[in-house]
Amino acid sequence: MANRILNALRKISADNRARVLEVNLRIGEINEPRNVKLWLKKLGGEEFRSTKFNIAPVQIEISCACGYTGKISSVPNTHSSEPELEIACPKCGKRGVRLNSGRELEIADVKLQELKCRAQ
Ligand SMILES: [Zn+2]
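If you're wondering where the values come from, they're calculated on a predicted model, not measured in any experiment. (Residues numbered from 1 in each chain as written. Predicted model: local features only at pLDDT ≥ 70, side-chain atom pairs only at ≥ 80, totals over all residues.)

Here we look at the pairing of strand S1 (residues 18–28)
Pairing geometry for S1 and strand S6 (residues 105–114), over nine bridges, is antiparallel. Following the sheet pairing, Arg26 is matched in S6 by Glu106. Here S1 runs beside strand S2 (residues 52–58); their pairing, made up of seven bridges, is parallel. From the neighbouring strand, Glu22 faces S2, where its bridge partner is Lys52. Between the parallel elements S1 and S2, the chain passes through helix H2 (residues 33–44) in a crossover that is right-handed. (Pairing = 2+ DSSP bridges. Helix = DSSP H or I, 4+ residues; strand = E, 2+ residues; numbered from the N terminus. Right-handed = clockwise from strand over helix to strand, strands pointing away.)

What about the sheet that holds strand S4 (residues 69–71)?
Strand order in the open sheet made by the three strands is S4-S3-S5, with antiparallel pairing throughout. Each end of this open sheet is capped by a strand with a single partner; those strands are S4 and strand S5 (98–101). Here the strands of the sheet are splayed against their neighbours by 35° on average, with no regard to which way each runs. Sheet analysis places strand S3 (residues 61–63) next to S4, joined by three bridges and oriented antiparallel. (Axes fitted to C-alpha atoms, helices over the stretch in contact; angles between N-to-C directions.)

Re the sheet that holds S2
Reading across the sheet, the three strands line up as S2-S1-S6 and stay open at both edges, with mixed pairing between neighbours. The sheet terminates laterally at S2 and S6, the two strands that pair on one side only. Averaged over all pairs of adjacent strands, the angle between strand axes in this sheet comes to 15°, irrespective of strand direction. Here helix H1 (residues 2–16) sits on the sheet in contact with S1 and S6, set at roughly 145° to S1. Contacts between H2 and the sheet are confined to S1 and S2, with S2 contributing the most and set at about 160° to the helix. (Contact = placed C-beta atoms within 7 Å.)

Focus: the domain arrangement of the protein chain
For interface size, the figure often reported is the accessible area lost on association. Segmentation of the protein chain into domains returns domain 1 (1–59 + 102–120) and domain 2 (60–101). The straight-line distance from the C-alpha centre of domain 1 to that of domain 2 is 28 Å. Opposite the nine residues of domain 1 that make contact, domain 2 presents nine residues. When its residues are assigned to classes, the side of domain 1 that touches domain 2 shows two nonpolar, three polar and four charged. (Domains from an automatic or database assignment. Nonpolar A, V, L, I, M, F, W, Y, C, P; charged D, E, K, R; others polar.)

This is the structure we're talking about:
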């Protein structure tokens, strides 16, 4: 997941011939925003050392067949391969709810610094 973001940033950086200074991300809670940040730092390594990652977590909201729409009582076990299936409706207790939000993995905004074209 973090790699997907880093690849997108590399592309933005290459397309604009600029360095990524700061990134605003919207990460759904199902993607563990805190871990995403750690991975971005880890996998980004030297290349993204000077990049600031701002992460806005997006809360999970569901719709259930019973008519309930809204937040869930606790964040599901996100280590499962399909954490969505772990989410139970707080009203009727059934699983297999629909996620309205909480799955986001979006680059909301990027601040770039143009690279000087002249050779050093
Ligand atoms: Zn329900």
